[in-house]
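The chain contents come next:
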Amino acid sequence: MQSTDLGNKESGKLWHRKPSPAARDGIIVNIIHSSSDYLPKVLRFLNVAFDSSGDCLIAGDHQGNIYVFDLYGNRFNLVQRTAQACTALAFNLRRKSEFLVALADYSIKCFDSVTKELVSWMRGHESSVFSISVHASGRYAITTSSDTAQLWDLDTFQRKRKLNILQSVGIQKVFFLPLSNTILSCFKDNSIFAWECDTLSCKYQLPAPPESSSVLYKVFAVTRDGRILAAGGKSHHLHLWCLEAKQLFRIIQMPTKVRAIRHLEFLPDSFDAGSNQVLGVLSQDGIMRFVNIQTCKLLFEIGSLDEGISSSVISPHGRYIASIMENGSLNIYSVQALTQEINKPPPPLVKVIEDLPKNKLNSGGLKTKVTSGRVQRPAKSRENKIQARILRQDLTGNFENKENEVSDGLNKKRLQILLKGYGEYPTKYRMFIWRCLLQLPENHTAFSSLVDKGVHVAFLNLQKKYPIKSRKLLRVLQRTLSALAHWSAIFSDTPYLPLLAFPFVKLFQNNQLICFEVVATLIINWCQHWFEYFPNPPINILSMIENVLAFHDKELLQHFIDHDITSQLYAWPLLETVFSEVLTREEWLKLFDNVFSNHPSFLLMTVVAYNTCSRAPLLNCSLRDDFEYFFHHRNNLDISVVIREVYHLMDTTPTDIHPNGKLDAFVALTKGQYPVFNQYPKFIVDYQTQERERIRNDELDFLRERQMVEDMQAEVDQQRVEDEAWYQKQELLRKAEETRREMLLQEEEKMVQQRQRLASVKRELRAKEMHLQDATRRRFLKLQQDQREMELRRLNDEIERKLIEENLAEAEQACLNADWRIQALHKQRCDDLQRNACYQEVAKLLLENRRKETEVLNAMVGEGAKKWEEAKEKDFHLKSEKKASALSDASRKWFLEKELDDALEHAEHPYNTVPRCQSGQAASSYVPRTSQLKDSSEVDSSTHISLNQRRVQWDTTEQDLMERVRNLRQRLTAQARNRCRTPHLLAT
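Residues numbered from 1 in each chain as written. Predicted model: local features only at pLDDT ≥ 70, side-chain atom pairs only at ≥ 80, totals over all residues. Heavy atoms only, no water.

### Here's the deal with the overall build of the protein chain
So, step 1. Looking only at helices and strands, the protein chain features 22 helices and 33 strands.
So, step 2. Burial status across the protein chain gives 36% buried among its 988 residues.
So, step 3. When the accessible surface of the protein chain is summed, it comes to about 60500 Å², and 53% of that surface belongs to carbon and sulfur atoms. (Helix = DSSP H or I, 4+ residues; strand = E, 2+ residues; numbered from the N terminus. Buried < 20%, exposed > 50% of the residue type's maximum accessible area, 1.4 Å probe, protein only. Areas by Shrake-Rupley, 256 points an atom, 1.4 Å probe, with all protein chains shown as cover.)

Listed below in structure tokens is the structure:
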């Protein structure tokens, strides 16, 4: 086992020598990612996913590093650093280089693994995304969290739909069924629903499992054909559901050491046509066991108790298994190495014992064959020579001739030798050999794009023309024909296409992709030049067959000519149905083993051989109906003889008439996209398409008009029915009215009788009521008397209780008052102490402020002395202006003070005010205060007054002024009130 440490490398090789995994463990390489820090640690891988080819996988660790591992190219590359752990991965998108990653912040990002750029960023989840399922076409994706599932369009990266559920019902998993448009949703209450992807309508719901084996489902897996669903949980039971029958058909009990199932996944196989038989079951012990669901046998297992597996993913083609181990590393397993002992071919049935050279007989070589323990003696031939032909069946694909190798290592010449020896291929490996011979590309994306276009309009009513009993078979046939019609327009107008494709549809009904590619390969190679004379049969091909028949059996051809039987009757029915009408299933399979193993002209030679081998009954036919019946029904003919005759015709037909020279060699379908098929007269097909469209439109118009007429007729009939119903209803109402009138008369008579009886009953009741009222009145009076006595006793008790409560209340109030006084005194004492502390603090602050003010005043006095000289010079120039302004101010102040004094005097003596004209003496006696003004020098010299005196004077002046203003306001208010009360005094 090789081990690779990624370290801090962004790219490199996975292994340095060719891996040779052992059969016991099957490990190709063990991948470890350790950090390059001072203390190295292992970075654990969390998720892994394969691409659609199965040769590349992507893995992400818990630090957000995402690597791409190319197993075919032996390379690894670091494609992204997301800086957060990834919770889910998907690598099978339509654009092969893109991948989806769900991150720990509940978002989903799409990156390109080649350019390493961010393609899109999708948000919408409110919890961690643990599953990403991609549609087979790669166009849609479903992301699942515990509370919701969301459907995304990967072309626009927009959310299409959202599945909302109740909080009590969580989601286990939501995913697409392989190669279909069905979505399967599994919930935590074991309910499973199937939805249509396009319309999101519910198709069906699986029933509840039986109570005897009830398992709480947690993990799920589906086969590639989408027919079987495996479900498991915390139990050793495994449930298998048939999705077609919608029922539980098998319960598998795992070994006793399996207590819980953590993961399920089917192992794909190229030979089972999608109906996978091997299921991988990862249990709680970290061991993944692979079991056959049909035989319930354990085939092999990976992992161990020491090196347990955390999660595992299988490649689409089933060659590799990628497992994340519990220690955080990544193991890549080889399925071929793990199944080497299982797929070991059985020992040969024929063994040869040869004599020594010295014992050789003169008559020839003698070979003795030992077969299954029995000795077969040699039989003598006509030439007295003993011949023994030994055919060995070698299906392992390890042939030495590389020139005729087809896919998967099979050699075409060896297969032809095997076919000629046995006449047919083994039933178990026939489908695999056919796929290898035809070199089918398995273009899932291209086929899905054709299927997504829906049912072609030409095959909408296919069941009317071909009423097939099996609805599944009819649906597969309809899809295959629609895909062919979408691939090339000629097939929508080919009337014999359903006959041509039906045997292959019936054979490959479980794998529609293989069915489509087999039919397409058949059309491209074995139906060459069939459409050159469309819509007529291929005259050129029929002419080749007629020429070969004329060369090998002129008598039979002349018999056909004599009875007017053309190649369109004896050759074309066999070709358009590919012999499915005249052969049984086993005969048809045996024939096409040879057809697919030879040149395309082999099919035409088969038509000639079928006629020549049936010449005896054909020569006895003389009616056209007999010929038609012969070539459309099964006949008593050995297909082995026909095949030998075909090989004889292939070898003996001259080159000038041999179809081998007129038909091209085999060409396989191209990988990725299907080739363009335009080998037909396009103008005829276009004309027919236009005519069919016109006829369809005319038919739609006719149907629309007929529908309108039918609607009108239905309305008329409905109106007539309604009228008749109305008349019947009126008649019924009239009869009912008469009946009810009679009933009313009878009821009135009964009512009169009842009233009479009621009056007598009332009289009797009135007498009884009077007696009862008298008795009731006496009981009531007695009751009232008792109640009043009880009320008096209750009042006496209440009075006594009130007196006691008042005494208690007074005592309690006295206690409360005493407590309140004590508390008040205590609080007052505390407040006094606190106030004294505050006063002391204020006194300290005042002393500090006075000290600082003294310092400031001294600084100001010093600064004033410095500035005084400058002030003298400036004041000298302004002295005249100051004197003028002082005079003006003095006059204005005098006037204002006079007015203020007059107002005060008027307020004090409102009725003894001296008129202004008589106050001249007072005015003359007023001395202006201008004489008291001093110069600026005098004012500045007054700064020697102490700061404390100035503060006391300012406080006193401000208080006096405020007191005077307050008194003035009170006197004015009182005066106004007196004026309002005594207006006659004002008038006087």
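### Thoughts on helix α17 (residues 639–652)
So, step 1. Across its 14 residues, α17 extends 20 Å between first and last C-alpha, which sits within 8% of the 20 Å expected from 1.5 Å per residue.
So, step 2. Buried within α17 we find I639, S640, V642, I643, V646, Y647, L649 and M650.
So, step 3. Where α17 is buried, its residues touch α2 (412–422), α9 (539–552), α13 (585–595) and α14 (601–613).
So, step 4. At the N-terminal boundary of α17, the capping side chain belongs to D638, with an oxygen 3.2 Å from the backbone nitrogen of S640. (Expected span 1.5 Å × (residues − 1). Contact = heavy atoms within 4.5 Å. Polar contact = N/O pair within 3.5 Å; in protein donor to acceptor, adjacent residues only side chain to side chain.)

### Things to note about empty space enclosed by the protein
One simple way to see leftover space: roll a probe sized like a water molecule over the atoms.
So, step 1. Applying the stated criterion across every chain, the model contains 2 cavities of 30 Å³ or more.
So, step 2. Estimated volume of the largest cavity: approximately 50 Å³.
So, step 3. Taken together, 12 residues line the largest cavity, and the ones lying closest to its centre are R224, R435, E442, N511 and I514.
So, step 4. In terms of lining, the second largest cavity is formed by W526, C527, Q528, W530, I541, P600, L604 and L663. (1 Å grid on protein atoms, 1.4 Å probe; cavity = no way out; pocket = protein on both sides within 12 Å on 5 of 7 lines; lining within 4 Å. Points joined across faces, edges and corners; volume = space filled by probe spheres on them.)

### So, the pattern of salt bridges
So, step 1. A full pass over the atoms with the stated rule returns 33 salt bridges.
So, step 2. D553 is the partner of R615 in a salt bridge, and the nearest nitrogen-oxygen pair spans 2.7 Å. Residue R615 is located in helix α15 (residues 615–619), and its partner D553 is located in the loop between α9 and α10 (554–562); the two are separated by 62 residues in the primary sequence.
So, step 3. By relative accessible area, R615 is classed as partly exposed at 28%.
So, step 4. Using a relative accessible area of 7% as the deciding quantity, one classes D553 as buried.
So, step 5. When the shortest N-O distance is used, the salt bridge between R720 and D717 registers 3.1 Å. You can see R720 and its partner D717 sitting in helix α18 (residues 682–908), 3 residues apart, about one turn around the helix.
So, step 6. A relative accessible area of 42% places R720 in the partly exposed class. (Salt bridge = Lys/Arg side-chain N within 4 Å of Asp/Glu carboxyl O.)

### Comments concerning the nonpolar core
So, step 1. Counting residues in hydrophobic clusters, the biggest one holds 103 residues, and the most contacted among them are W434, W487, L575, F579, W588, F592 and F596.
So, step 2. Discounting chain neighbours no more than four positions away, the residues touching L575 are L500, W530, I541, L542, I545, L603, L604 and V607.
So, step 3. Within the second largest apolar cluster, 22 residues are counted, among which are I28, F45, L57 and Y67. (Core = buried A, V, L, I, M, F, W, Y, C linked by side-chain atoms within 4.5 Å.)

### Description of the pairing of strand β7 (residues 75–81)
So, step 1. Both strand β2 (residues 11–12) and β7 contribute to a ladder of 2 bridges, which runs antiparallel. What sits directly across from G12, in β7, is F76.
So, step 2. Sheet analysis places strand β6 (residues 65–70) next to β7, joined by 6 bridges and oriented antiparallel. Bridging across to β7, Y67 finds its partner in L78.
So, step 3. Counting the residues between successive antiparallel strands, the hairpin from β6 to β7 contains 4 residues, one of them, N74, with a positive phi of roughly 55 degrees. (Pairing = 2+ DSSP bridges.)

### Focus on the sheet that holds strand β26 (residues 288–292)
So, step 1. With antiparallel pairing, 4 strands are arranged side by side in an open sheet as β24-β25-β26-β27. Only two strands of the sheet have a single partner each, and these edge strands are β24 (261–267) and β27 (298–302). Neighbour-to-neighbour, the strand axes of the sheet open up by a mean angle of 20 degrees, direction not taken into account.
So, step 2. Pairing between β26 and β27: 4 bridges, direction antiparallel. What sits directly across from M288, in β27, is I302. (Axes fitted to C-alpha atoms, helices over the stretch in contact; angles between N-to-C directions.)

### A short note on the packing of aromatic side chains
So, step 1. Under the definition given, this model contains 38 aromatic pairs.
So, step 2. Judged by centre distance (6.0 Å) and plane angle (35 degrees), the rings of F193 and W195 are tilted.
So, step 3. Look at W195 and you get partly exposed, because its relative accessible area is 22%.
So, step 4. Between W434 and F508, the ring centres sit 6.5 Å apart and the planes meet at 50 degrees, which makes this aromatic pair tilted. Separated by 74 residues along the polypeptide, W434 in helix α3 (residues 430–438) and F508 in the loop between α7 (497–507) and α8 (512–525) bring together distant segments of the chain. Here W434 matches F508 in class, with each residue buried.
So, step 5. Of the aromatic side chains, those joined through ring pairs into one cluster are F447, W487, F491, Y496, F516, W530, F531, W572, Y674 and F677.
So, step 6. Geometry around W121 places K109 over its ring, the cationic atom sitting 4.1 Å from the centre. (Phe/Tyr/Trp six-rings, centres within 6.5 Å; stacked < 30°, edge-to-face > 60°. Lys NZ or Arg CZ within 6 Å of the ring centre and 35° of its normal.)

Honestly, that's just the spatial picture; any functional story needs more than this.
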